[in-house]
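# Observations on chain architecture
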Amino acid sequence: MGMIEIEVAGEKLVIHEFDDVYDSVTGRALTGSWLWDSALLLSHWMMIAQGRVEFDFVGKNVIELGAGTGLPGLTAARLGASRVILTDVEPLLPGLKNNVEANGLGDRVEVSRLIWGSDELPSQLGDLGGVDLVLMSDVFFDVAETAALGKTLKRICGEKTVVWAACEVRPWTGDCLNQLVSHGFELVELPSQLSADYGNFSVFRLVQPTQGFESEKEWSMPLLNC
Ligand SMILES: C[S@@+](CC[C@H](N)C(=O)[O-])C[C@H]1O[C@@H](n2cnc3c(N)ncnc32)[C@H](O)[C@@H]1O
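Residues numbered from 1 in each chain as written. Predicted model: local features only at pLDDT ≥ 70, side-chain atom pairs only at ≥ 80, totals over all residues.

## A short note on helix 2 (residues 71–78)
Applied cut-off: Partly exposed residues are those whose C-beta has more than 12 but fewer than 20 other C-beta atoms within 10 Å; with 20 or more the residue is buried, with 12 or fewer it is exposed, and the C-beta atoms are placed from the backbone. Put simply, DSSP marks the helices as runs of H or I at least four residues long and the strands as runs of E at least two long, and each gets a number from the N terminus on.
Helix 2 sits mainly inside the fold: 8 of its 8 residues count as buried. Of the positions making up helix 2, those classed as buried are Leu71, Pro72, Gly73, Leu74, Thr75, Ala76, Ala77 and Arg78. Following helix 2 by one or two positions, Gly80 adopts a phi angle in the positive range, close to 120°.

## Section: the site of the ligand
Convention followed: Using a C-beta atom placed from the backbone for every residue, we mark a residue as near a molecule or strand if that atom lies within 6 Å of it. When residues are sorted by character, Ala, Val, Leu, Ile, Met, Phe, Trp, Tyr, Cys and Pro go into the nonpolar class, Asp, Glu, Lys and Arg into the charged class, and all the rest, Gly among them, into the polar class.
The ligand sits among 21 residues. The nearest are Gly32, Trp36, Ala39, Gly66 and Gly68. Among the secondary structure elements, those contributing two or more residues to the shell around the ligand are helix 1 (37–49) and helix 5 (143–156). Of the residues assigned to the shell around the ligand, the class counts are 11 nonpolar, 7 polar and 3 charged.

## Describing the confidence of the model for the protein chain
How we decide: pLDDT gives the predictor's per-residue confidence on a scale running from 0 to 100. Contacts here follow a simple rule: the backbone-placed C-beta atoms of the two residues must lie within 7 Å.
Summing up the model confidence of the protein chain, the mean pLDDT is 89 and the portion of residues at 70 or higher is 89%. Of the regions scoring below 50 in pLDDT, residues 215–226 engages in 16 contacts with residues more than four places distant in sequence or in other chains.

## So, the nonpolar core
Selection rule: Defined on buried residues, the nonpolar core groups Ala, Val, Leu, Ile, Met, Phe, Trp, Tyr and Cys residues joined through C-beta atoms within 7 Å.
Counting 59 residues, the largest nonpolar core has Leu41, Leu42, Ala76, Val84, Ala165, Ala166 and Val203 as its most contacted members. Every residue in contact with Ala76, bar those within four places of it in the chain, is listed here: Met46, Phe57, Val62, Ala81, Val84, Leu133 and Leu135.

## Some words on helix 6 (residues 173–182)
Going by this rule: An arc is given here, and it is the one of the directions from the helix axis to the C-beta atoms.
Regarding helix 6, the residues found buried are Cys176, Leu177 and Leu180. Angular distribution of buried residues about the axis of helix 6 spans 95°; they occupy a single face of the element. Helix 6 presents Gly174, Asp175, Val181 and Ser182 as exposed residues on the side facing more than 90 degrees away from its buried surface. On the buried face of helix 6, the contacting elements are helix 5, strand 8 (186–190) and strand 9 (201–207). Taken from the residues just after helix 6, Gly184 is the one with a positive phi, measuring 95°.

## Looking at the sheet that holds strand 3 (residues 61–65)
Note the following rule: Two strands form a pair only when DSSP identifies at least two bridges running between them. Axis definition: a line fit to C-alpha positions, over the contact stretch in the case of helices; interaxial angles, taken between N-to-C directions, run 0 to 180 degrees.
Spatially, 7 strands are ordered 5-4-3-6-7-9-8 in an open sheet, and the strand pairing comes out mixed. Of all the strands in the sheet, the pair left with one neighbour each is strand 5 (109–113) and strand 8. Strand-to-strand, the axes of this sheet are offset by a mean angle of 25°, without reference to chain direction. Where strand 4 (residues 83–88) lies against strand 5, 5 bridges are found, and the strand directions are parallel. Within strand 5, the position partnered with Leu86 by the bridge is Val111. The strands that helix 1 touches are strand 6 (133–137), strand 7 (162–168) and strand 9; relative to strand 7, the one it contacts most, it runs at about 135°.

Structural data, given as structure tokens:
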């Protein structure tokens with residue numbers, strides 16, 4: 001497992017992958033032990049989006065679901081979010097905490113267990129006074145898991161919560177996305193124009209029925225020069 005450095009808001013963000021986290025049943029490394037390309041895409045997308053899509057991270061409450069090594073959530077903190085909760089299954093939490101500390105973001109980033117579909121939500125959500133942004137990268141890999149994820153999203157999201165998700169488009173991705181549609185979410189693919197670097201990947205905004213969606217023009221992105 002390695003260490004990845006990317007620059008966010010003029011500062012280095014360091015992500016350590018985890019060496020020693022295994023599924024107790026299969027003995028295989030947990031998938032959240034390493035950084036997936038969707039997380040890199042979402043992080044890049046957020047850097048471009050800052051200030052351009054009527055979303056300013058400054059002062060926002062953010063939660064990341066299935067955070068793995070935590071890059072998108074840590075990017076949100078670097079872009080000015082005041083409170084970020086990185087969530088995943090229990091065995092990944094020590095590594096996530098390590099990545100928070102490695103970047104000196106312990107004052108605004110917390111780590112908590114959140115199992116999709118569970119009735120138990122992180123206690124921190126109670127005192128946040130609402131979640132402004134939900135981040136997810138590479139979490140559409142299994143139809144049953146996506147159904148559970150849809151249930152959790154509906155519990156977390158308020159009327160104004162923005163939800164961004166990045167994923168690699170695989171043969172089963174459409175079935176997973178349909179699960180979210182059956183939970184009442186509309187999916188709008190966001191024009192990232194990062195396609196030269198991320199050919200088979202997409203960024204989506206999940207829109208709840210009570211929310212409107214701004215015109216595509218307002219969301220269109222400039223080309224990324226990097
Ligand atoms: C493919 S990995 C992506 C990790 C990270 N978001 C990234 O893009 O680098 C999927 C993540 O979803 C988490 N996950 C899978 N099923 C979950 C569940 N039922 N509840 C909570 N997290 C889950 C895994 O632990 C893992 O961290």
